[in-house]
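These are the residues of each chain, in order.
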Amino acid sequence: MKTSDFSYDLPPELIAQAPAASRSASRLLHVGSKLADLATSDLPGLLRSGDLLVFNDTRVIKARLLGHKPTGGRVEILVERVLGEREVLAQIGASKTPKAGSLIALENDPATFEVLGRDDAFFHLRWSGEGTVLDLLERAGRLPLPPYIQHAPDAADAERYQTMFAREPGAVAAPTAGLHFDESLLAALRARGIGTATLTLHVGAGTFQPVRVENLSEHRMHAERYRIPAELAARIANVHADGGRIVAVGTTSVRALEAAAAADGTVAAGEGETRIFITPGYRFRVVDRLVTNFHLPESTLLMLVCAFGGTERMLAAYRHAVAQRYRFFSYGDAMLVEPGVRS
């Protein structure tokens, strides 16, 4: 398989720059035996009693920091992962690559980061201030909106770029399929006997990194931390035993569930790290349905969706969405994908 196999033409004006008027007011493309143009509020009627929706409860941290070198050169830090109370992995934007031992002063905090070393595209940094790194990010950081959103983050983004399930701080990008859910939609799901549960996968900045090789077998996924609660693992087993279906809300939930699954579909509770790269030909062990946003061309997320729904079928669905003027990417519309012929 080649990266170019997962391309499609997208007019720039279809990239959503702001969320819908309300969380559940977005459109929903149902990719079933045929394509149906619906609304997110129609989702409960597409599921059945006994199904279980699994959400990601990660919370986006204010991961973007501005600073400068002792020489005065401007530095931008994008935290990829919090490693402990005082250390992080981060991307660094600077005119010259900082060396181990160098210091970075922050624009709006008296403390500094020391560069400890490098891990592939990321720098290992240690913070010298008081409290925790999460405290620092909360008071001095900026919300890391995706690069295709062209406005600076504001108060509206602070609320709408978090899902209503966001509890566990650590992500640098939102699990965007969850952005469509609000209390009214959850109430409608409950009324039909459809359950909800959460896991945690801290989305890394690598989710926006382009695939830089044409041969997919040469691509190396970024690592992400996840946690599967014991009650969720048990509940998944019970749902499947009773004939219900597991509906992953977002590709992040898919990655966590499939990374934790054994060959027989049993999900192991606990914490772990995954570099799972799901491409066409992958056999899904846990996930039966997928709610997801529309993803960038040639991205690993689109490859995952094609693995689940069938490549030609999903690319046809994307072409339909473009023709029908759906809104794309993080603040855009959603899809409910039924499993297809996997190719």
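Numbers given for residues are sequential positions, taken from 1 along each chain in its written order. Under the rules for a predicted model, residues below a pLDDT of 70 receive no local features and side-chain atom pairs below 80 are neither given nor counted, while totals for whole chains, interfaces and linings still include all residues. Heavy atoms throughout the structure, all of them, feed into the side-chain values; hydrogens and water do not.

Caption draft 1: Structural view of the sheet that holds strand β14 (residues 246-249). The mixed open sheet is built from nine strands, whose spatial order is β2-β1-β17-β16-β14-β3-β12-β13-β15. Because the sheet does not close on itself, it has two edges, and the strands there are β2 (35-39) and β15 (270-274). With direction set aside, neighbouring strand axes in the sheet form an average angle of 25°. Lying over the sheet, helix α5 (residues 230-241) contacts β3 (52-56), β12 (195-201), β13 (224-228) and β14, oriented at roughly 135° with respect to β12. We call two residues in contact when some of their heavy atoms are within 4.5 Å. Note on geometry: axes are lines fitted to C-alpha atoms, helical ones only across the stretch in contact, with angles between N-to-C directions running from 0 to 180 degrees. Only DSSP runs of H or I covering at least 4 residues are called helices, and only runs of E covering at least 2 are called strands; the numbering of each starts at the N terminus. Each of β1 (27-31), β2, β16 (289-293) and β17 (334-337) touches helix α8 (residues 311-323); the most contacted strand, β1, lies at about 150° to it. Pairing between two strands requires that DSSP report at least two bridges joining them.

Caption draft 2: A look at the sheet that holds strand β5 (residues 64-68). Taken in spatial order, the six strands close into a barrel running β5-β6-β7-β10-β9-β8, and their pairing is antiparallel. In this sheet, neighbouring strand axes are inclined to one another by 45° on average, regardless of whether the strands run parallel or antiparallel. With six bridges connecting them, strand β9 (residues 109-119) and strand β10 (residues 122-127) associate as antiparallel partners. Counted as the bridge partner of Phe113 is Trp127 from β10.

Caption draft 3: Just unusual backbone geometry, in detail. Unlike most non-glycine residues, Glu298 shows phi in positive territory, near 60°. The buried label goes to any residue with under 20% of its type's maximum accessible area, the exposed label to any with over 50%, and the partly exposed label to all in between, with areas taken from a 1.4 Å probe on protein chains only. By relative accessible area, Glu298 is classed as partly exposed at 30%. A positive phi angle is found at Phe329, which is not glycine, with a value near 75°. Within the secondary structure layout, Phe329 lies in the loop between α8 and β17. Its relative accessible area of 5% is what places Phe329 among the buried residues.

Caption draft 4: Local environment of the pattern of salt bridges. Any Lys or Arg side-chain nitrogen found within 4 Å of a carboxyl oxygen on Asp or Glu counts as a salt bridge. This structure, assessed with the given rule, holds 14 salt bridges. As a salt-bridge pair, Glu114 and Arg126 come within 3.1 Å of each other at their nearest N and O atoms. Of this pair, Glu114 sits in strand β9 while Arg126 is found in strand β10, placing the two residues twelve residues apart along the sequence. Overall, the relative accessible area of 35% leaves Arg126 in the partly exposed class.

Caption draft 5: Looking closely at the side chain of Thr274. Within the secondary structure, Thr274 sits in strand β15. Note on Thr274: relative accessible area 7%, which makes it buried. The term polar contact refers here to a pair of N or O atoms within 3.5 Å; inside protein, the definition further demands a hydrogen-donor-capable atom paired with an acceptor-capable atom, and it admits residues adjacent in sequence only when both atoms are side-chain atoms. A distance of 2.9 Å separates the side chain of Thr274 from the backbone nitrogen of Ile276, its partner in a polar contact. Each residue touching Thr274, except ones within four places of it in the same chain, is listed here: Leu201, His222, Ala223, Glu224, Tyr226 and Ala259.

Caption draft 6: Inspection of the environment of Thr71 at higher detail. By the secondary structure assignment, Thr71 is in the loop between β5 and β6 (74-82). Assessed through its relative accessible area of 75%, Thr71 is described here as exposed. The sequence separation of Thr71 and Ile104 amounts to 33 residues, and the corresponding C-alpha distance is 9.9 Å.

Caption draft 7: Seen up close, α8. For a helix, the expected span equals 1.5 Å multiplied by the residue count minus one. A rise of 1.5 Å per residue sets the reference length of α8, with its 13 residues, at 18 Å; its end C-alpha atoms lie 18 Å apart and thus fit the reference within 8%. The set of residues buried in α8 consists of Thr311, Met314, Leu315, Ala317, Tyr318, Ala321 and Val322. Buried residues along α8 cover an arc of 155° about the axis, so they all sit on one side. Pointing more than 90 degrees away from the buried face of α8 are the exposed residues Glu312, Arg319 and Ala323. Directly after α8, the chain includes Arg325, whose backbone phi takes a positive value near 60°. The arc refers to the directions leading from the helix axis to the C-beta atoms.

Caption draft 8: Local environment of the packing of helix α7 (residues 300-309) against α8. Two elements in contact, α7 and α8, have axes separated by 7 Å at closest approach and are oriented at 120°. As the angle between them shows, α7 and α8 are arranged oblique. Here the hand of the crossing between α7 and α8 comes out right-handed. Listed contacts from α8 to Leu302, Val305, Cys306 and Gly309 of α7 are Thr311, Arg313, Met314, Leu315 and Tyr318. Residue polarity is assigned by list, with Asp, Glu, Lys and Arg as charged and Ala, Val, Leu, Ile, Met, Phe, Trp, Tyr, Cys and Pro as nonpolar; anything else, Gly included, falls into the polar class. Of the residues in the contact of α7 with α8, the class split is six nonpolar, two polar and one charged. Roughly parallel means an angle under 35 degrees; roughly antiparallel, over 145; roughly perpendicular, 65 to 115; everything else is oblique. The sense of a crossing depends on the near helix, which, turned anticlockwise from the far helix by less than a right angle, makes the crossing left-handed and, turned clockwise, makes it right-handed.

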